[in-house]
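Here is how the chains run, residue by residue.
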Amino acid sequence: MINGGGYNRYKRVDNVKFLNYTVDVPDLPSFIWQFKEIFVDEIYKFNVHNETPIIYDCGANIGMSCLYFKKVYPNAKIKAFEADPVIADILKTNLSKNGIHDVEIINKAVWIDYNGIEFGSEGADGGSIYINGNKIKVESIRLKDLLERETNVDLLKIDIEGAEYAVLKDCMNSLYMVKYIFVEYHSWNKEAQKLGEILNILEKNGFRYYIENLSKRKYPFINYAKEQNMDLQLNIFGVKSDQRFA
């Protein structure tokens, strides 16, 4: 049983046990939400027709998604990207603690070039280039170049806290080998909304998409999150048209 009571946000708790796993957690409320989405709701489950699916986990955080992928697809070849150096260390520790040593962990920001990027960490699952306050320069890697080296990517997961539009735009013509795509869309208050353009990119690449709203609120014309960092957050699930009936 997992219980978040008694813990403040951003307080590290080591050796949290759930199912058959033991993990270090930098923020218990975020962990509980991840556990529900990933292991209870199984939002990343997809159909696979080979024993070694290729998964790009962009925004792997502390490794919950990697643990799930290895549980369901034990022979999967996973590239796990995490920009935050502190969180990346926890990711490495959590995979090692649970006997997983064949995930390629890349402690770099998924981006549109190799020039590095200013990144702000909030200590949990929401580090972003758009966070105000102290930032650090982290190394970056161009996703487009990596994708174009592949002949097939079974799942491309993009949860990079607001950088998803720039990255997808850069990859506009490089998604032809991707079968399934997950995008967590973040609409930061001070940035232009790009949802329409993201959906257009998916459509042009032959994806049918389904959208879940993570930011539902009462009286949306009145309560439009002026005091929040984000005014919209969505999960977007894309399936290549030829995969729907496979």
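Rules and cut-offs
- Residues numbered from 1 in each chain as written.
- Predicted model: local features only at pLDDT ≥ 70, side-chain atom pairs only at ≥ 80, totals over all residues.
- Heavy atoms only, no water.
- Core = buried A, V, L, I, M, F, W, Y, C linked by side-chain atoms within 4.5 Å.
- Buried < 20%, exposed > 50% of the residue type's maximum accessible area, 1.4 Å probe, protein only.
- Contact = heavy atoms within 4.5 Å.
- Pairing = 2+ DSSP bridges.
- Helix = DSSP H or I, 4+ residues; strand = E, 2+ residues; numbered from the N terminus.
- Axes fitted to C-alpha atoms, helices over the stretch in contact; angles between N-to-C directions.
- Phe/Tyr/Trp six-rings, centres within 6.5 Å; stacked < 30°, edge-to-face > 60°.

Examining the nonpolar core
Now for step 1: Among the nonpolar cores identified, the biggest contains 38 residues, and Tyr56, Leu143, Leu147, Leu156, Leu175 and Ile181 are the most heavily contacted of them.
Now for step 2: In contact with Leu143, other than residues within four places in its own chain, are Tyr56, Cys58, Val110, Trp111, Leu156, Ile158, Val167 and Cys171.
Now for step 3: Residues Tyr21, Phe39, Ile55 and Ile78 belong to the second largest nonpolar core, which totals 36 residues.

Details of the sheet that holds strand E10 (residues 153-158)
Paired through backbone hydrogen bonds, the strands of a sheet run either parallel or antiparallel to each other.
Now for step 1: One open sheet holds the seven strands; their spatial order is E5-E4-E3-E10-E11-E13-E12, and the pairing between them is mixed. The open sheet terminates on both sides in strands that have one partner only, identified here as strand E5 (104-106) and strand E12 (207-213). For this sheet, the mean angle separating the axes of adjacent strands, direction not counted, is 15°.
Now for step 2: Looking at chain direction, strand E3 (residues 54-58) and E10 are connected through four bridges and run parallel. Bridge pairing links Asp57 to Lys157 in E10.

Comments concerning the environment of Thr151
Now for step 1: Positionally, Thr151 belongs in the loop between helix H4 (143-147) and E10.
Now for step 2: By relative accessible area, Thr151 is classed as exposed at 78%.
Now for step 3: Sequence separation between Thr151 and Ile54 is 97 residues; the distance between their C-alpha atoms is 10.0 Å.

Digging into the packing of aromatic side chains
Now for step 1: The full count for this structure, using the stated rule, is 15 aromatic pairs.
Now for step 2: Ring centres of Tyr44 and Phe182 lie 5.1 Å apart, and the angle between their planes is 80°; this geometry places the pair in the edge-to-face category. Taken together, the residues Tyr44 in the loop between helix H1 (28-40) and E3 and Phe182 in strand E11 (residues 178-188) connect sequence positions 138 residues apart.
Now for step 3: Among the residues examined, Tyr44 registers a relative accessible area of 6% and is labelled buried.
Now for step 4: The interplanar angle of 35° and the centroid separation of 4.6 Å between the aromatic rings of Phe46 and Tyr73 together place this pair among those described as tilted. On the criterion of sequence distance, the pair formed by Phe46 in the loop between H1 and E3 and Tyr73 in the loop between helix H2 (64-72) and strand E4 (77-81) is long-range, its members being 27 residues apart.
Now for step 5: Cluster of aromatic residues (ring-pair linked, three or more members): Phe18, Tyr21, Phe31, Phe35, Phe39, Tyr44, Tyr68, Phe69, Phe182, Tyr210 and Phe237.

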